[in-house]
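Residues per chain, in single letters:
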Amino acid sequence: MNSPVSLAVVPTWLVVLPDTDAASAAAARALPHATGSHTHVSGRPWLIGRWRPGELTVGECGGVRLAVWGEHAVTREEAAKAAATVTDLASLDHFARSWHGSYHLLASVHGRVRAQGTVTGVRSLFHGTAHAAHLAADRADVLADLIGASLDEGRLALQMLSLGVLHPLSARPVWRGVEALPGTDYLVLERDGRARQKRWWRLPRRDVPLAEAAPMLRDALRSAVDIRVRGRDLVTADLGGLDSTAVVCTAVRAGADVVAYTAATHDARGDDVHWARRTVEELSSATGGPGRIEHHVVPAEEFPLTYDGIDALTDVLDAPSLYAVDRNRRMTLLTVAAERGSTLHLSGFGGDELLAGASARVHDLLLRHPRTAVRHARGYLAKYRWSRRRALRQLLDRRPYGAWLEQIATDLTSPLPPLEEPLFQWCSPARMPPWATPDAVDAVRTLIRQEAAVAQPLGPGHGEHRELATMQAVSRFARHLNQMTNPSGLLFASPFYDDRVIETGLAVRPAERVTPWQYKPLIVEAMRGVVPEAGRTRATKANATMEEEVGLRRNRKALLALCEDSRLAEFGLIDADVWRTWCSGPMSAELENVLLHPTVGCEVWLRSRETLPHHRDG
């Protein structure tokens, strides 16, 4: 039998085992590659893996053992005190709903196991069965190695869909028999080998006035940042848009010494550098506490462009990633941060989805508050110059989510919607690229239709669903960046994805949090007195469209190299000649590249898996 390759080469991972003898074979395969382990009260293996010092806290009392793994402030004493109050698995809900940070919550309660990640999936959990034992792991590839799962061509084809926000299909692992646990659920592993999922998280009531919610968000973000920076001599961070600025200013005012980096762009209209410098100047003069900030601007000429080095990437990711096309761009700052000696890098990831929200909330307002809905709709139409006819069609569309998915399956090979397409529906329609083979399209269509028969939206309306679905999709970028930085010992932190921060933001009245007339009103009000005034009310956001257009021209040779001996073509999922022709011609960075990026991510991922060492158990 082949040795579990991922366990041997991945720097951090965690496997959760049931309290049963049937799990002994999996434990025997995992233990030689682990740096730490914990047992059930019975003495059988419970947690096996590799983790950084201070990441995993375990407390116990009687027949209960409780573990918290990730970014948190739970001490061993606090975990033991919590374990003393646990009577059954459901009683752990209290701690899941109150502890701050981003972590996996794990428990062994009198022989029964509870395991869960975070709502958005920044900390995910995967599960599957081998030899009558149901196991869980934080990485899909680690679990696939342990249970001997093979790649599923249909699931791999799903990863070629444009946009990557097709709940719940886009989060599905690419291995047969490996499933992703929804962030809203926890996994129960019984001693008889059975496993089941139970819901623990639901959307908060959305009725808190913005004025009341702003200080609550400020406190939640402060707790999220403080958990991460406490006790560290050096912290690095992104400093670009309003969200990352809020995180940096919160960290400095909490007393952290922060080295912040801003990436300049080739776009003359990009103003991140201007606002970052103003923020640093005003923050430095205004801060009376112990925190200090050091700022560096990386010139655009020194920064890799999109598609840089895509034919030579070797990151060990547990899934294909849209971020492959920008991997070297993003990792430049993180590599500099690691070389500086940082073990923590703060980001503003997650802020857009939570704070800007989804215009699709207009769809939900139409029946309950029609005047407000019409006013907001007109605002969005004027702001983005959307088609009135298309907007009206979407707003009057009352199909349930499953019926909408069925339409996506029917339209898989239709052209992409135009740029002026309104955003009032469940999500932007996903499409298969023109180089996908008929077999790939048929496989994806079948999977979507199977899901359409049972799928439920993530929230009661289009807006709630779209926001949570986007959070889950974009949070995978944060997961993958952590997997990329793990070998250097750097943790990529996204405080806006913490459950407590998300709950606080989503509790705000939708019509106040999401509006076409003000940019992110919740964070603007919450950061009063934290972010310097000039930057607090900033209403602009830079993008990297020009970096992509220039990058495509300069790195076309590397892109075309992926078309040669394509692994996706070997699986029968793409026509390499069609893909090569497409990559050779002109493309719109704003529209057509949403078709290209997923395919590149899949091809790069398949090639990177081939670079892993393969050997046999001795």
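Scoring rules and cut-offs
- Residues numbered from 1 in each chain as written.
- Predicted model: local features only at pLDDT ≥ 70, side-chain atom pairs only at ≥ 80, totals over all residues.
- Heavy atoms only, no water.
- Pairing = 2+ DSSP bridges.
- Helix = DSSP H or I, 4+ residues; strand = E, 2+ residues; numbered from the N terminus.
- Buried < 20%, exposed > 50% of the residue type's maximum accessible area, 1.4 Å probe, protein only.
- Axes fitted to C-alpha atoms, helices over the stretch in contact; angles between N-to-C directions.
- Salt bridge = Lys/Arg side-chain N within 4 Å of Asp/Glu carboxyl O.

Enquirer: I tried to follow the pairing of strand S4 (residues 56-61) on my own but got confused; where do I start?
Expert: Of the pairings in the sheet, the one linking S4 to strand S5 (residues 64-71) comprises six bridges and is antiparallel in character. Counted as the bridge partner of Cys61 is Val64 from S5. Hairpin remark: S4 followed by S5, antiparallel, with two residues in the connecting loop; positive phi at Gly62, about 60°.

Enquirer: Hey, could you run me through the environment of Ala268 in this one?
Expert: Following the sequence through the fold, Ala268 ends up in the loop between strand S14 (257-263) and helix H9 (272-286). Judged by relative accessible area, Ala268 falls into the exposed class, the value being 79%. Each C-alpha atom of the pair Ala268 and Met546 lies 9.8 Å from the other, and the pair is 278 residues apart in sequence.

Enquirer: Before we go on, may I ask you to explain the sheet that holds strand S11 (residues 185-189) in this structure?
Expert: With antiparallel pairing, the six strands of this open sheet are ordered in space as S4-S5-S6-S7-S11-S12. Of all strands in the sheet, those with a lone pairing partner are S4 and strand S12 (195-199), marking the two edges. Averaged over all pairs of adjacent strands, the angle between strand axes in this sheet comes to 20°, irrespective of strand direction. In this structure, strand S6 (residues 102-109) lies alongside strand S7 (residues 112-116), joined through five bridges in antiparallel fashion. When the sheet's bridge partners are listed, Leu105 is paired in S7 with Gln116.

Enquirer: Can you walk me through unusual backbone geometry in this structure?
Expert: The phi torsion of most residues other than glycine is negative, and most of the peptide bonds are trans. Going from His167 to Pro168, the amide bond is cis rather than trans, its omega being -5°. Tracing the chain through its elements places Pro168 in the loop between helix H6 (153-158) and strand S10 (179-180). In this structure, Lys520 takes a positive phi of about 50° despite not being glycine. On the basis of relative accessible area, Lys520 is assigned to the buried category, the value being 2%. The backbone of Asp565 shows a phi angle near 50°, a positive value even though the residue is not glycine. Inspection of the secondary structure assignment puts Asp565 in the loop between helix H23 (556-563) and helix H24 (567-570).

Enquirer: Any chance you could explain the pattern of salt bridges here in plain terms?
Expert: If the charged atoms of two oppositely charged side chains come close together, the side chains can form a pair. Tallied over the full model, the rule gives 45 salt bridges. The residue Glu190 makes a salt bridge to Arg196 at a minimum N-O spacing of 3.8 Å. Owing to a relative accessible area of 38%, Arg196 belongs among the partly exposed residues under this scheme. Salt-bridge contacts for Arg536 lead to Glu533; the nearest nitrogen and oxygen are separated by 2.8 Å. Of this pair, Arg536 and Glu533 both sit in helix H21 (residues 533-536), separated by three residues, roughly a single helical turn. Judged by relative accessible area, which is 42%, Glu533 ranks as partly exposed. Here the residues in one salt-bridge network are Arg206, Arg361, Glu464, Glu467 and Arg513, joined through shared partners.

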